[in-house]
Amino acid sequence: MITGLNHLASGKIRDLYAVGGDLLLVASDRISAYDYVLESEIPDKGRILTQLSMWWFGQLADLVPNHVLTADVDEFPAELAPYKDELRGRAMLCRRLAMVPVECVARGYLTGSGLAEYEKNGTANGVPLPAGLVDGSRLDRPIFTPAMKAEVGAHDENVTFEEMAERTGDPELAARLKDLTLAVYSRARDIAEGRGILLADTKFEFGRLPGGTLVLADEVLTPDSSRFWPADQWHPGRAQPSFDKQYVRDWLTSPASGWDPRSDTPPPALPEEVVQATRARYVEAYERLTGVKFV
Ligand SMILES: C[C@H](c1ccccc1)n1cc(-c2ncnc(N)c2C#N)cn1
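Each chain has its residues counted from 1, following the order in which its sequence is written. Local features are withheld for residues below a pLDDT of 70 in this predicted model, meaning they are given only at 70 or higher, and side-chain atom pairs are given and counted only at 80 or more; totals for whole chains, interfaces and linings count all residues. Only hydrogens and water are set aside; all other atoms, that is, all heavy atoms of the structure, feed into the side-chain values.

## Notes on the site of the ligand
Argument step 1. Here, proximity means that at least one heavy atom of the residue falls within 4 Å of the molecule or strand. Near the ligand, the surroundings consist of 15 residues, among which Leu23, His67, Arg95, Leu97 and Asp218 are the closest.
Argument step 2. Taking His67, its side chain carries an N or O atom lying 3.0 Å from a nitrogen atom of the ligand.
Argument step 3. Within the backbone of Arg95, an N or O atom sits 2.8 Å from a nitrogen atom of the ligand.
Argument step 4. Note that accessible areas follow from Shrake-Rupley with a 1.4 Å probe, and for residues the cover is restricted to the protein chains shown. When the free accessible area of the ligand is taken as 480 Å², the share hidden by the protein chains comes to 84%. Polar contact criterion, stated in full: a pair of N or O atoms within 3.5 Å, where within protein one must be able to donate a hydrogen and the other to accept it, and residues adjacent in sequence count only if both atoms are side-chain atoms.

## Focus: the packing of aromatic side chains
Argument step 1. Only the six-membered ring of Trp is used, alongside the rings of Phe and Tyr, when aromatic pairs are assigned; centres must lie within 6.5 Å, and planes under 30 degrees apart are stacked while those over 60 apart are edge-to-face, with the rest tilted. Overall, the coordinates contain seven aromatic pairs when judged by the stated rule.
Argument step 2. Ring centres of Tyr36 and Trp259 lie 6.0 Å apart, and the angle between their planes is 80°; on these two criteria the pair is classed as edge-to-face. Pair noted here: Tyr36 is in strand 5 (residues 36-37) and Trp259 is in the loop between helix 6 (246-252) and helix 7 (272-290), with a separation of 223 residues, a long-range link.
Argument step 3. Here the term buried applies to any residue with accessible area under 20% of the maximum for its type, exposed to any over 50%, and partly exposed to those in between, with areas from a 1.4 Å probe on protein chains only. Overall, the relative accessible area of 23% leaves Tyr36 in the partly exposed class.
Argument step 4. Judged by relative accessible area, Trp259 falls into the buried class, the value being 9%.
Argument step 5. Among the aromatic side chains, those forming a connected cluster through ring pairs are Tyr34, Tyr36 and Trp259.
Argument step 6. When the ring centre of Phe161 is taken as reference, the NZ or CZ atom of Lys178 above it lies at 5.3 Å.
Argument step 7. As a reminder, the over-ring test applies to NZ of lysine and CZ of arginine, requiring each to be within 6 Å of the ring centre and within 35 degrees of the ring normal. The ring centre of Phe243 lies 3.9 Å from the NZ or CZ of Arg281, which sits over that ring. Secondary structure elements are defined from DSSP: runs of H or I of at least 4 residues count as helices, runs of E of at least 2 residues count as strands, and each element is numbered from the N terminus.

## Here's the deal with the sheet that holds strand 17 (residues 214-216)
Two strands in a sheet stick together by hydrogen bonds in their backbones, pointing the same way (parallel) or opposite ways (antiparallel).
Argument step 1. Think of it this way: DSSP has to see at least two bridges between two strands before they count as a pair. One open sheet holds the three strands; their spatial order is 8-16-17, and the pairing between them is antiparallel. Bordering the open sheet on either side are strand 8 (98-99) and strand 17, each of which pairs with just one other strand.
Argument step 2. Working rule for contacts: check all heavy atoms of both residues, and any pair within 4.5 Å makes them a contact. Angles here are taken between N-to-C directions and fall from 0 to 180 degrees, while the axes themselves are lines fitted to C-alpha atoms, restricted in helices to the stretch in contact. Against the sheet, helix 5 (residues 171-193) engages strand 16 (206-208) and strand 17, with an angle of about 30° to strand 17.

## So, unusual backbone geometry
Argument step 1. The backbone of Asp218 shows a phi angle near 60°, a positive value even though the residue is not glycine.
Argument step 2. The topology assignment puts Asp218 in the loop between strand 17 and strand 18 (226-230).
Argument step 3. A residue is classified by how much of its surface remains accessible, and Asp218, at 16% relative accessible area, is buried.
Argument step 4. A positive phi is found at Leu221, a non-glycine position, where the angle reads about 55°.
Argument step 5. Of note, Leu221 is situated in the loop between strand 17 and strand 18.
Argument step 6. Judged by its relative accessible area of 0%, Leu221 is buried.

See below:
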């Protein structure tokens, strides 16, 4: 948290500030696992994921406008000058939008809450899926599985497209959000697959400009907003390893940590080698996707 700035909101990993009529979205080096924010930070994680978001916004600009004004600290308003070094590379100055109160989730692979519903009803957010799918199955056509935002700390509530249209009171907007979400995800899935990373699913946030234009907001297509799987370890029918969080998960569930995920106790600090190996995975994901060396 940066004292001295007008703090608006905080998620597990990121903080939001008001700067004049705009917003500053700042990504920390925090990492979460098993629904806990760990006490150990991953050096540069915020910078790597912010630079990855910026790269994706560029890749998607022909499909949808985004909310970013700049991520270059030298272009930030003068009032931010005292915080330049702390913000460099990990902050996006964004236009303030009227946010759409829906988590726009696209799934290209079946897992997590989507799999749970499928195993019960053969559907995902009420939409029937083909029979015989298993954990990690690739869906021929990505699906839109919206969720209504939950209070801090609770999980979002998956809703059908019809429920979403009803609860937003704007069926036309709901249809537009679905189309945009699927088009953007499909483009990203194809780009990532060509670079050895499976984007199993992702969560987009949209907002509207004063004139009503729909704009892609928040961070996009990072390992915090999406499930990243290494393509060369994909085996449908079991839980897939996480590209970025597997080292953390493996250590936390090993005897070495002395921690039990089923207990109500927070996880212990990570050993330095797990921190550094995890940092290396974020760097690798960034470099594989963008083709640019992280500096
Ligand atoms: C969920 C997310 C959040 C991020 C970081 C920390 C806490 C919350 N958030 C984003 C806005 C938001 N509001 C108005 N205009 C915008 N351009 C954005 C964005 N992005 C409000 N909440």
